[in-house]
Amino acid sequence: MTYSLQQVEGKIRLELPGRLDGAALRRIDEEILGSIEQASVVEIDLSETTELSSFGIRMLVLILRQLSCSGIDVSIVGVSSTLEGTLDAVGLHLALSCPVDPSPGPLKRRGSLFLHRVDIYPSHHIAGHPVRQGSPIPFGARPVAGGINFSIQSAHATNCALLLFDRDSKELTAELPFPEEFRIGNVFTMFVFGLDPDQIEYAFRMDGPMSPEEGHRFDPSRTLLDPYARLISGRDVWGVRTNGAPAYRARIAPSDFDWESDRPPGHAMEDLIIYEAHVRGMTADTSSGVRWPGTFAGLREKIPYLKDLGVNCIELMPIFEFDELDNPRVDPTTGQPLQNYWGYNTVGFFAPKAGYAATGRFGLQADEFKALVKDLHYHGIEVLLDVVFNHTSEGDQTGPTISFRGIDNKTYYMLGGRGEYLNYSGTGNTLNCNHPIVRDMVIDCLRYWVSHYHVDGFRFDLASILGRGRDGEVLANPPLLEALAHDPILAKCKLIAEAWDAAGLYQVGSFPSYGRWAEWNGRFRDTVRRFLKGDAGQVGELVQRLLGSPDLYADRGPAASVNYITCHDGFTLADLVSYNQKHNERNGEEN
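Below or above, wherever it landed, is the structure these notes cover. (Residues numbered from 1 in each chain as written. Predicted model: local features only at pLDDT ≥ 70, side-chain atom pairs only at ≥ 80, totals over all residues. Heavy atoms only, no water.)

A tally of regular secondary structure across the protein chain gives 16 helices and 28 strands. The proportion of buried residues among the 591 residues of the protein chain is 52%. Contacts spanning at least 24 positions in sequence make up 71% of the contacts within the protein chain whose residues lie at least 6 apart. Looking at the protein chain as shown, the accessible area adds up to about 26100 Å², and 50% of this sits on carbon and sulfur atoms. (Helix = DSSP H or I, 4+ residues; strand = E, 2+ residues; numbered from the N terminus. Buried < 20%, exposed > 50% of the residue type's maximum accessible area, 1.4 Å probe, protein only. Contact = heavy atoms within 4.5 Å. Areas by Shrake-Rupley, 256 points an atom, 1.4 Å probe, with all protein chains shown as cover.)

Structure follows, in structure tokens:
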């Protein structure tokens, strides 16, 4: 196919004789496009076009769409009835209508993408940003060629806006309301062109009913964190206080880490020797001798120590983003504020804690944690994460609105008949984990940590809550637990349940397993402690525990029992053999 470009009676005429194919249209170089861009009227002559290709039609629609949206008056002449019918069927008339004000300035080539995709050009301009309807999946923010795709769901919100912030100054630079046509079902989605993932932070606003008795707590004045945020700013350095509550904002996580040939060690469940560790507590003291105390990098330096102990698996207490300063109590002996040290109060499920990274102030916590996992794997040590899907850091109705409460409170939390929070976790709220939306979020989260961070498994805090229905009832066949057991991406992961909750449900030996779930064996812990103390009548019980608890796991085998004597709850191993009673005077909890 050849083309002819002529200036006739004050307008540009582009003749496209012969076969209309994509390869020919790509040969239109910048000089010809530049000539068209300077015109105000363009006529495209298809009278000598004899044959169509599907890609050629798409390219023609692309050209027409871009010219029209740039304020150029475009017309087509010489269209045969066959060609006209074909072009009409693929929406040619839509290409000649632009729903927003023409974009200022000349057209811009986007490298080799200029004639490759129809959807690389904006359909709207909002708050100074060129945008178009985005892709509803995946949720969160995802960089793609030319910009960033944003997607968030809310079943009950009436309106949503995307907030963009400058990463350095922290200033709000733009607020982009989602047009109604950018809502697909209950998903608000927008593609914003030209954003630099390294220079922005983002959040959302949601509007909707404020009727707590019906379960809704929308407040359009709130800045809301994306539930799918892959990186979170606000607590970038451990323990550094700010004025007021932290301003949590989401960042775009890089995906260019070099894993080389990393593979999971793949130890059998029955061969695991698990070391439970707190990332900060492991190396925070100067006696650890590490370069970066209290961090993922510091923990890397302790790998030789773990190997000397014979450990082949490390279970990390929560590393999802949390607020270590979220603790109202003070040390009764010093009067100093206490910290939420353990981290069982999640702010964001997809984001590694910035304050656990020596590089957190630079936003490199994801890379630092990946380097830790990679090095542990190199030395044959698996990585389990202690995950908390039973509640969030938002607490009850008196707690802060950070994310879920302001996005879709009625979906994310278990609520009573008057909209009150059901509290099976002992923290003020309970995640509604068997609601399909929340269930999918949990699965997406675990898949993300396995595929992007190469973790080997998970220990689920108060896992019995994951088997409760929306009203708190105990389900015979919990959808979430079954889905996790049979998920193809999680197929090789260790799934370990803390098989009880704070409302009295105790399922050690009876947790729904689906042939996959193991359990923290609290019966083993209690029996061994009693025996070591010299309590009478413990021999028969101890025999059962040392045999792998066949009275509890006859159908699953002894590998379903994770045997332990101490953990983060209660005494350390040294305290266990040193004291008869707790000595927690300094935690301010009088226990």
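Relative to the 26 Å expected for 18 residues at 1.5 Å per residue, helix α11 (residues 436–453) spans 25 Å between its end C-alpha atoms, a close match to the ideal helical length. Of the positions making up α11, those classed as buried are V438, R439, M441, V442, I443, C445, L446, Y448, W449, V450 and Y453. Backbone geometry just downstream of α11 places H454 in the positive-phi region, at approximately 60°. (Expected span 1.5 Å × (residues − 1).)

A few words now on the packing of aromatic side chains. Applying the stated criterion to the full structure yields 33 aromatic pairs. Ring geometry for W238 against Y356: centres 5.7 Å apart, planes inclined by 10°, an arrangement best described as stacked. Taken together, the positions of W238 in the loop between β18 (231–233) and β19 (249–251) and Y356 in the loop between β23 (346–352) and α9 (365–378) put the pair 118 residues apart, joining distant regions of the chain. Grouping residues by exposure puts W238 and Y356 together as buried. The ring centre of Y448 lies 4.9 Å from the NZ or CZ of R230, which sits over that ring. The ring of F165 carries the charged tip of R249 above its face, separated from the ring centre by 3.8 Å. (Phe/Tyr/Trp six-rings, centres within 6.5 Å; stacked < 30°, edge-to-face > 60°. Lys NZ or Arg CZ within 6 Å of the ring centre and 35° of its normal.)

The 4 strands lie next to each other as β1-β2-β4-β6, forming an open sheet whose pairing is mixed. The open sheet terminates on both sides in strands that have one partner only, identified here as β1 (4–8) and β6 (73–77). Each adjacent strand pair in this sheet contributes to an overall mean axis angle of 20°, direction not counted. Where strand β4 (residues 41–45) and β6 come together, 5 bridges link them in parallel fashion. Bridged to V42 within β6 is V74. (Pairing = 2+ DSSP bridges. Axes fitted to C-alpha atoms, helices over the stretch in contact; angles between N-to-C directions.)

F369, L385, F389, W449, F458 and F460 are the most contacted members of the largest nonpolar core, which totals 119 residues. Counting residues per element, this core draws most heavily on α11, which supplies 10 residues. Apart from the residues within four sequence positions on either side, F460 is in contact with V387, F389, L446, L466, L484, L495, I496, A497, E498 and W517. (Core = buried A, V, L, I, M, F, W, Y, C linked by side-chain atoms within 4.5 Å.)

Before going further, it helps to spend a moment on the environment of K353. Locating K353 in the fold gives a position in the loop between β23 and α9. For K353 and T295, which are 58 residues apart along the polypeptide, the C-alpha to C-alpha distance reads 9.9 Å. For K353, the residues in contact, after removing those within four places along its chain, are R235, W238, F296, I319, F320, E321, F322, E324 and Q365. Within polar-contact distance, the side chain of K353 engages the backbone oxygen of F322 at 2.8 Å. (Polar contact = N/O pair within 3.5 Å; in protein donor to acceptor, adjacent residues only side chain to side chain.)

The next subject is the sheet that holds strand β26 (residues 494–497). Adjacent strands of a sheet form backbone hydrogen bonds with each other and so pair up, either parallel or antiparallel. Taken in spatial order, the 7 strands of this open sheet run β20-β21-β24-β25-β26-β27-β28, and their pairing is parallel. With partners counted over all chains shown, the strands left at the sheet margins are β20 (274–277) and β28 (561–562), one partner each. Of the strand pairs in this sheet, strand β24 (residues 382–387) and strand β25 (residues 457–460) are connected by 4 bridges, and their pairing is parallel. Bridge assignment links D386 to a residue of β25, and that residue is R459.

On to the side chain of S464. Note on placement: S464 falls in the loop between β25 and α12 (479–486). What makes S464 buried here is its relative accessible area of 1%. A distance of 3.4 Å separates a polar atom in the side chain of S464 from the backbone oxygen of A499. Apart from residues no more than four positions distant in its own chain, S464 is found in contact with E498, A499, W500, D501, L505, Q507 and F511.

Each packed pair of helices is defined by two parameters, the angle between the axes and the distance between the axes. The contact between helix α10 (residues 404–412) and α11 brings their axes to 9 Å, and the two run at 115°. Along the contact surface, α10 presents F404, T411 and Y412, while α11 presents I437, V438 and M441. In terms of residue class, the contact of α10 with α11 is built from 5 nonpolar, 1 polar and no charged. (Nonpolar A, V, L, I, M, F, W, Y, C, P; charged D, E, K, R; others polar.)

The contact between α9 and α11 brings their axes to 10 Å, and the two run at 70°. Taken together, the axes of α9 and α11 lie roughly perpendicular to each other. For the pair α9 and α11, the contacting residues are A366, F369, K370 and V373 in the first and W449, H452 and Y453 in the second. For the contact of α9 with α11, the per-class residue count stands at 5 nonpolar, 1 polar and 1 charged. (Parallel < 35°, antiparallel > 145°, perpendicular 65-115°, else oblique.)

The next thing to look at is the pattern of salt bridges. Enumeration according to the criterion identifies 27 salt bridges in this entry. Residue D323 pairs with R235 through a salt bridge whose shortest N-O separation is 2.6 Å. Residue D323 is located in the loop between β22 (320–322) and β23, and its partner R235 is located in the loop between β18 and β19; the two are separated by 88 residues in the primary sequence. The exposure classification of D323 matches that of R235, with both residues buried. Three or more residues are tied together by salt bridges with common partners; here these are K170, E201, D236 and R251. (Salt bridge = Lys/Arg side-chain N within 4 Å of Asp/Glu carboxyl O.)

What follows is about the side chain of S233. Within the secondary structure layout, S233 lies in strand β18. At a separation of 3.0 Å, a polar atom in the side chain of S233 contacts the side chain of E201. When near neighbours in sequence (up to four residues on either side) are disregarded, S233 contacts K170, E201, A247, Y248, R249 and R251.

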